[in-house]
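Working through the structure, step by step
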Amino acid sequence: MADRTRYSDEELQEFKEIILKKLDKAKKDYELLRHTITHEDGNDTQDTSPTFKVLEEGAAVLSKEEAGKLAQRQQKFIQHLQAALVRIENKTYGVCRVTGKLIPAERLRAVPHATLSVEAKQNQK
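Residues numbered from 1 in each chain as written. Predicted model: local features only at pLDDT ≥ 70, side-chain atom pairs only at ≥ 80, totals over all residues. Heavy atoms only, no water.

An unreviewed UniProt entry annotates the chain as TraR/DksA C4-type zinc finger protein originating from Carboxylicivirga linearis.

Here it is in structure tokens:
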């Protein structure tokens, strides 16, 4: 593997399929989080009924904030996966941006949006 400068078209296709599956799931998860935050699907009285239970209100706000943070992380993950698809199209996918060597396929299967080898990632710290 050390002699190779890029993955074959067949290998890139395998990675593309992995990424597309993860991207589909990530988009569904993002939409679920977004609906949780905005209550788009709800016709209940959750936002309009008066309540004097401070702890419940605090928990609801905290839950919305957590969902918001998760949604932001999910959106960032989606962007990373989309960037990985661009690298596949450019045939630069799987090349460590620090060392220029191929990232092991096992790492890419586990973290398909990786741009660094494990060694380069550890040296960042």
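Read on, since the account is not over.
As for the overall build of the chain
Convention followed: Secondary structure elements follow DSSP: runs of H or I no shorter than four residues count as helices, runs of E no shorter than two count as strands, and numbering proceeds from the N terminus. The buried label applies to any residue whose accessible area, calculated with a 1.4 Å probe on protein chains only, is under 20% of its type's maximum; exposed applies above 50%, and partly exposed to all values in between. In what follows, residue pairs with any heavy atoms lying within 4.5 Å of each other are defined as contacts.
Along the backbone of the chain there are four helices and zero strands. Written out in order from the N terminus, the α and β elements of the chain read α-α-α-α. Burial statistics for the chain: of 125 residues in total, 23% are counted as buried. Taking contacts inside the chain between residues at least 6 apart in sequence as the whole, the part at least 24 apart equals 65%.

Describing the packing of aromatic side chains
Note the following rule: For this analysis, a ring pair means two rings from Phe, Tyr or Trp (six-membered ring only for Trp) whose centres lie within 6.5 Å, classed as stacked if their planes differ by under 30 degrees, edge-to-face if by over 60, and tilted for the remaining angles.
Enumeration over the complete set of coordinates arrives at two aromatic pairs. Measuring from ring centre to ring centre gives 5.2 Å for tyrosine 7 and phenylalanine 15, while their planes differ by 75°; the resulting arrangement is edge-to-face. Measuring from centroid to centroid gives 5.3 Å for phenylalanine 15 and tyrosine 93, while their planes differ by 50°, and the two rings are tilted. With phenylalanine 15 in helix α1 (residues 9-38) and tyrosine 93 in the loop between α2 (54-90) and α3 (105-110), this pair connects stretches of sequence that are 78 residues apart. You'll find phenylalanine 15 and tyrosine 93 in the same group, each marked buried. Here a set of aromatic residues connected by ring pairs shows up, and it is made of Tyr7, Phe15 and Tyr93.

Brief notes about the nonpolar core
Condition: Throughout, nonpolar core names a set of buried Ala, Val, Leu, Ile, Met, Phe, Trp, Tyr and Cys residues whose side chains join them through atoms within 4.5 Å.
One finds Tyr7, Phe15, Ile19, Ile88, Tyr93 and Leu108 to be the most contacted residues of the largest nonpolar core, which totals 24 residues. The set of elements that each furnish at least two residues to this core consists of α1, α2 and α3. Look past the residues within four positions of tyrosine 93 in its chain and what remains in contact with it is Tyr7, Leu12, Phe15, Ile19, Ala84, Arg87, Ile88, Leu108 and Pro112.

A short note on the side chain of glutamine 74
Among the structural elements, glutamine 74 can be located in helix α2. A relative accessible area of 15% means that glutamine 74 is categorised as buried. In this structure glutamine 74 touches Ala26, Asp29, Tyr30 and Leu33, once residues within four positions along its chain are discounted.

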